[in-house]
Amino acid sequence: MAVHFLHTSDWHLGQFFHNHDREFEHAQFLTWLLDQIKTKQPHALLIAGDIFDVINPASSAQKQLYQFLADAHNLAPHMQTLMIAGNHDSGYRIEQVEPFLSKFNAKAVGIVGRTAENTLNLDRLLIPIYDQDKNIIAWCLTLPYLRSAEITGLNEHTSNSQNAISYLHQQLIAEAKARKQPHQALILMSHAHMQGGETSDSERPIIVGNEEALSTALFDEVIDYVALGHLHKPQKVGQPHIRYSGSPIPLSFSEINYQHQVVEVRIDPEQSLEQRFQYDVLKVPRTVELCRIREKLEDLIAKLQALPAGEIEQLSARHFLEIEYTTDAPPPVDLRQQIELALPANRYRLLRISRIYQQQAEHTQGDSKIDLAPPTPESLFLNIWKKMGYEHDHSVQQDFQQLLVEAQHELAQKQQA
């Protein structure tokens, strides 16, 4: 029997975008996803990490997730919802509510885990997927975001992160092969940065220290489908069965043109290779647009006045707007007021106004723009490094990123204590 499942990831529930919450957009997506579940009745829903936007999500974000799980279970009681932690999630936190999740046929894998003998706990990473008659039709190999502290030092093969990651994949796939029956599929779900994957500027880097993006060579040919999370652009990585589903809503202006989607997959291991796989892209409707205006200062007001009009009553449903204007002359002191008056009433949320010096813009493609977005730890570090007179050093940037990831992980552990 074919296994039928939906692959999604990178929900980032609880995200704030320039101090505006995204709760309305996430609610619209989850309502749409419930409609897909009701209609398609899949065996499983796979959520490949970054469920929340921060390791300590607000109660409203947690409520959105748990209400969704309850509603999905009512619509498709046989469907299993399998989740893994991403680098934005606290693995300990999403596992804490396991008894609650089990009431909705859901399971979360947040950390790899070890046995009492300090070996890999493979049992918790291999989850059977059942049909409506409780027959196992697939195995899901669940790999949450792999933090160095959790996977190194198991034995002589795991002295560093790269070796530990390879060892973990080998051991898990070998165990899955041993359990697999001919009529069962193997699905690997992972939150990782794969070589060749195309990034946006909203993804928190997870390539740290001297590590590199992971190779698809980690995935044995016996794996029927690899459900990836972390990169927000929907994409295949080398082969049709290795995919990022991408985020369901645009999380930055670099994602304006992304075709956000959920991937519907059917795998029948008993069919020939030509007929074994079926992939369908379910396009997620966008309810709030991200609009970017780039214009010369002298033409800016007319451009804004020409934008589509029509009031949107609910503030959280109004479109986001970013403005970049080019000029070599000083802007008028009341420019922001002019812009706000020119905009169609009650339709847009003005997030940012950036100035690009026109003469330099022709050569630097916008490197000189004044960005009013809140600083990140990475940008603060790089600014201080530059002000101290040091040259850009990629290895130093990687070392800082390693420290930042370790600090975030230590903070998450303290919050769970």
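Remember, predicted model here, so these are calculated numbers, not experimental data.

Colleague: Could you give me a rundown of the packing of aromatic side chains, with the residues and numbers involved?
Modeller: Scanning the entire structure with this criterion turns up ten aromatic pairs. Centre to centre, the rings of Trp11 and Phe29 are 5.6 Å apart; their planes meet at 75°, and the pair counts as edge-to-face. Linking Trp11 in the loop between β1 (3-8) and β2 (16-17) with Phe29 in helix α1 (residues 23-40), this pair joins segments that are 18 residues apart in sequence. Ring centres of Phe277 and Tyr279 lie 6.2 Å apart, and the angle between their planes is 5°; this geometry places the pair in the stacked category. Classification of Phe277 as partly exposed rests on a relative accessible area of 27%. By way of ring pairs, the aromatic residues Phe5, Tyr225, Phe277 and Tyr279 are connected into one cluster. Above the face of the Phe17 ring, Arg22 is positioned so that its terminal group lies 4.8 Å from the ring centre. A cation sits over an aromatic face here: Arg243 above Tyr279, 4.4 Å from the ring centre.

Colleague: So what's going on with the sheet that holds strand β14 (residues 277-283)? Residues and values would help.
Modeller: Whenever strands of a sheet pair, they do so through backbone hydrogen bonds, lying parallel or antiparallel. What the six strands build is an open sheet, ordered β6-β5-β4-β1-β13-β14; its pairing is mixed. In this open sheet, the two edge strands, each paired with only one partner strand, are β6 (106-109) and β14. Here the average twist between neighbouring strands, direction ignored, is 20°. Both strand β13 (residues 261-267) and β14 contribute to a ladder of seven bridges, which runs antiparallel. Within β14, the position partnered with Val265 by the bridge is Tyr279.

Colleague: Please provide a residue-by-residue account of the sheet that holds strand β10 (residues 225-229), values included.
Modeller: Taken together, the six strands give an open sheet; going across it, the order is β7-β8-β9-β10-β12-β11, and neighbouring strands pair in mixed fashion. Each edge of the sheet is formed by a strand with only one pairing partner; in this case those strands are β7 (126-130) and β11 (235-237). Strand-to-strand, the axes of this sheet are offset by a mean angle of 30°, without reference to chain direction. As judged from the three bridges shared by β11 and strand β12 (residues 239-244), these two strands associate in the antiparallel manner. Its bridge partner lying in β12, Gln235 is registered against Tyr244. Against the sheet, helix α6 (residues 161-179) contacts β7, β8 (136-143) and β9 (185-191), and its axis sits at roughly 170° relative to β8.

Colleague: Give a detailed account of the packing of α1 against helix α2 (residues 59-75), specifying residues and quantitative values.
Modeller: Relative orientation of the contacting elements α1 and α2 amounts to 15°, with a least axis distance of 10 Å. In terms of orientation, α1 lies roughly parallel with respect to α2. Classified by chirality, the crossing of α2 by α1 is right-handed. When α1 is examined against α2, the residues Glu23, His26, Ala27, Leu30, Leu33, Leu34, Ile37 and Lys38 are found in contact with a partner set consisting of Ser60, Gln64, Phe68, Asp71, Ala72 and Leu75. Tallied by class, the residues present in the contact of α1 with α2 amount to eight nonpolar, three polar and three charged.

Colleague: Quick one: what's the story with helix α9 (residues 335-342), residue by residue and with numbers?
Modeller: Residues Leu335, Ile339 and Ala342 constitute the buried set of α9. Within α9, the buried residues cover an arc of 70° as seen down the axis, which keeps them to one side. Each element contacted by the buried residues of α9 is listed here: α8 (297-305), β16 (319-327) and β17 (348-357).

Colleague: So, α2: which residues are in play, and what are the values?
Modeller: Compared with an ideal rise of 1.5 Å per residue, which puts 17 residues at 24 Å, α2 spans 24 Å between its outermost C-alpha atoms and is within 8% of the ideal. Considered for burial, the residues of α2 that qualify are Ala61, Gln62, Gln64, Leu65, Tyr66, Phe68, Leu69, Ala70 and Ala72. Contact partners of the buried residues in α2: α1, β4 (44-47), β5 (80-84), α3 (91-96), α4 (98-102) and β6.

Colleague: Got a sec to walk through unusual backbone geometry? Specific residues and values, please.
Modeller: At His18, a residue that is not glycine, the phi angle is positive and equals roughly 50°. Within the fold, His18 resides in the loop between β2 and β3 (20-21). Judged by relative accessible area, which is 22%, His18 ranks as partly exposed. A positive phi angle, near 120°, is found at His230, a position not held by glycine. Topologically, His230 is positioned in the loop between β10 and β11. On the basis of relative accessibility, which here comes to 3%, the residue His230 falls in the buried class.

Colleague: An account of the packing of α8 against α9 is requested, with residue identities and associated values reported.
Modeller: In contact at an axis separation of 8 Å, α8 and α9 are set at 25° when each is read in the N-to-C sense. The angle between α8 and α9 places the two elements in the roughly parallel class. Where α8 approaches α9, its residues Leu297, Leu300, Ile301, Leu304 and Gln305 are matched on the opposing element by Leu335, Gln338, Ile339 and Ala342. Looking at the contact of α8 with α9, its residues break down into seven nonpolar, two polar and no charged.

Colleague: Can you tell me about the pattern of salt bridges, naming the residues and giving the values?
Modeller: In the structure shown here, the tally under the stated rule is 14 salt bridges. Here Glu322 ties to Arg352 by a salt bridge, and the two come within 1.9 Å at their closest N and O atoms. Taken together, the positions of Glu322 in strand β16 and Arg352 in strand β17 put the pair 30 residues apart, joining distant regions of the chain. The salt bridge involving Glu340 is made with Arg336; its shortest N-O contact spans 3.2 Å. Here the residue Glu340 and the residue Arg336 both occupy positions in helix α9, the gap between them amounting to four residues, near one helical turn.

Colleague: Before we move on, can you summarise the nonpolar core with the specific residues and values?
Modeller: Phe5, Leu46, Ile129 and Leu141 are the most contacted members of the largest nonpolar core, which has 53 residues in total. Among all residues touching Ile129, those that are not within four sequence positions of it are Val3, His43, Ala44, Gln80, Leu82, Asn135, Ile136, Ile137, Ala138, Cys140 and Ile187. With 32 residues, the next largest nonpolar core counts Trp11, Trp32, Met83 and Val262 among its residues.

Procedures and definitions
- Residues numbered from 1 in each chain as written.
- Predicted model: local features only at pLDDT ≥ 70, side-chain atom pairs only at ≥ 80, totals over all residues.
- Heavy atoms only, no water.
- Phe/Tyr/Trp six-rings, centres within 6.5 Å; stacked < 30°, edge-to-face > 60°.
- Helix = DSSP H or I, 4+ residues; strand = E, 2+ residues; numbered from the N terminus.
- Buried < 20%, exposed > 50% of the residue type's maximum accessible area, 1.4 Å probe, protein only.
- Lys NZ or Arg CZ within 6 Å of the ring centre and 35° of its normal.
- Pairing = 2+ DSSP bridges.
- Axes fitted to C-alpha atoms, helices over the stretch in contact; angles between N-to-C directions.
- Contact = heavy atoms within 4.5 Å.
- Parallel < 35°, antiparallel > 145°, perpendicular 65-115°, else oblique.
- Left-handed = near helix turned anticlockwise from the far one by under 90°.
- Nonpolar A, V, L, I, M, F, W, Y, C, P; charged D, E, K, R; others polar.
- Arc of directions from axis to C-beta.
- Expected span 1.5 Å × (residues − 1).
- Salt bridge = Lys/Arg side-chain N within 4 Å of Asp/Glu carboxyl O.
- Core = buried A, V, L, I, M, F, W, Y, C linked by side-chain atoms within 4.5 Å.

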